[in-house]
Amino acid sequence: MIVRAALFFAILICLNCEPLRTQAPNEAGNGSDNAPHIEQIDIDKELQKEVNTLESRLEFVENTLQNFQNNYNALKENFNSLKTNYNQATMRIQQLENLTHQTVMDLHDQSSKYFTLESINSNLQKTVDNTNVRLDDKTSALWTEISNVTEEVVSISGMTNRSFDILRSKNVLLENKFQEISNNQSNIVSTLNQIKFPGPQKNKLVVFVAQLSREILISTNKIIVFDKDQLNEGRGFDPHTGVFTATARGIYTFSASIESTNCDVRGAIYRNNEQFAHIAGHFVDREGALGSATSYVHLDEGDRVWVQWMGELNGRVGHVQSQFAGHLLHEMDI
């Protein structure tokens, strides 16, 4: 727009100066009054054409400048975009270079680890080979030990069988001894019955025999409850508690036998929390244990007598040979 204004201003100056140049011939008397006017019209037309041409060119120049400006802005934007892409590409290349360097370092580390593992594997293989050799040697020695132990077991088995035979013999002797004691007890009872005691005699009969109806487990210091009374004259024995209560004052005899199927026999016959007869028997595998005792004791009316287990915590008392018996030998006056 500034260029167009400058061109118009120049054209106006030319138009204003042209009449001055055409007046000179008139003053000299070289033409008529119409000639200058015609020339002025032609000049105006020429000038108008020139102005139109200049305006057209000026418009073309302005359009060209505008297009150039637009192209310049577009090129500038493209340049900035390319510059940004270049910077991003440069950063990406740097990242790729760093990643490549790290990958190379990792490959070196992996190679080192691989060689280390190869060395460890070789050492392990050597260790396995040495271990196999040692195992072969120890296996041979172990078989030798097993053979020796087998021979010892056979020898011990023979000795054990002989020991069992000896223990069976001892068990038979104990049973015979128990039978002998029972017979002696019967003889003593007969003898005492034949003794003439001074004073009036009473014919009160007190006698009981009790057994177990089944095998039982019992704890230490617990009363063995003989729950199966085969004989209970005088009703002094209670099969629910295993306790005999004296119904008369006098001399009593008591006998007890305890059979154990899992441990040594340890027991006692008690009178009012006082032990007066001890029962013991040694446990033999597959044969069990048997212990018995017989004793005489003076009881007052109301005194209590029972058999108490003194052995292991979970003693197993058998019901075949276990028995508790007693009777009044002689009633005494108060």
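The rules behind each value
Residues numbered from 1 in each chain as written. Predicted model: local features only at pLDDT ≥ 70, side-chain atom pairs only at ≥ 80, totals over all residues. Heavy atoms only, no water. UniProt positions renumbered as here; feature names shortened; annotations may be inferred. Helix = DSSP H or I, 4+ residues; strand = E, 2+ residues; numbered from the N terminus. Buried < 20%, exposed > 50% of the residue type's maximum accessible area, 1.4 Å probe, protein only. Contact = heavy atoms within 4.5 Å. Areas by Shrake-Rupley, 256 points an atom, 1.4 Å probe, with all protein chains shown as cover. Phe/Tyr/Trp six-rings, centres within 6.5 Å; stacked < 30°, edge-to-face > 60°. Core = buried A, V, L, I, M, F, W, Y, C linked by side-chain atoms within 4.5 Å. Pairing = 2+ DSSP bridges. Salt bridge = Lys/Arg side-chain N within 4 Å of Asp/Glu carboxyl O.

- Per an unreviewed UniProt entry, the chain carries the name C1q domain-containing protein and comes from Magallana gigas.
- Turning to the chain, the UniProt record has this under Subcellular location (unreviewed entry): "Secreted".

**Here we look at the overall build of the chain**
Stage number 1. Scanning the chain from terminus to terminus reveals two helices and 13 strands.
Stage number 2. The buried share of the chain, reckoned over its 334 residues, is 22%.
Stage number 3. Within the chain, contacts between residues separated by at least 24 positions form 72% of all contacts whose residues are at least 6 apart in sequence.
Stage number 4. Put simply, the chain shows about 23300 Å² of open surface, and 56% of that area lies on carbon and sulfur atoms.

**A closer look at the packing of aromatic side chains**
Stage number 1. The final tally for this structure, using the stated rule, is 12 aromatic pairs.
Stage number 2. Plain terms: the ring middles of Phe254 and Phe324 are 6.3 Å apart, the flat faces sit at 25° to each other, and that makes the pair stacked. Here the residue Phe254 occupies a position in strand β7 (residues 250–260), and Phe324 occupies one in strand β13 (residues 323–331), the gap between them amounting to 70 residues. The two residues Phe254 and Phe324 agree in class, both being buried.
Stage number 3. Taken together, the ring pairs connect Phe208, Phe226, Phe237, Phe244, Tyr252, Phe254, Phe276 and Phe324 into an aromatic cluster.

**Re the nonpolar core**
Stage number 1. Within the largest apolar cluster, 31 residues are counted, with the highest numbers of intra-cluster contacts made by Ile224, Phe244, Tyr252, Phe254, Val307 and Phe324.
Stage number 2. Elements supplying a minimum of two residues to this core: β1 (207–211), β2 (216–218), β7, β8 (265–271), β9 (274–281), β10 (289–299), β11 (304–309) and β13.
Stage number 3. Not counting the four nearest positions on each side in its chain, Phe244 is found in contact with Val206, Phe208, Gly236, Phe237, Tyr252, Phe254, Leu299, Asp303, Arg304 and Val305.

**A look at the pairing of β13**
Stage number 1. Across the nine residues that make up β13, a large majority, eight, are buried.
Stage number 2. Two elements, β1 and β13, share five bridges in a ladder whose sense is antiparallel. Bridging from a neighbouring strand, Val209 pairs with Ala325 of β13.
Stage number 3. Pairing analysis gives eight bridges linking β7 to β13, with the strands arranged antiparallel. Bridge pairing in β13 places Ser255 opposite Ala325.

**Regarding the pattern of salt bridges**
Stage number 1. In total, this model carries three salt bridges according to the counting rule given.
Stage number 2. As a salt-bridge pair, Glu215 and Arg316 come within 3.3 Å of each other at their nearest N and O atoms. Of this pair, Glu215 sits in the loop between β1 and β2 while Arg316 sits in strand β12 (residues 315–317); the two residues are 101 residues apart in sequence, bridging distant segments of the chain.
Stage number 3. Overall, Arg316 belongs to the partly exposed group, its relative accessible area being 32%.
Stage number 4. With a closest N to O distance of 3.7 Å, Glu274 and Arg271 form a salt bridge.

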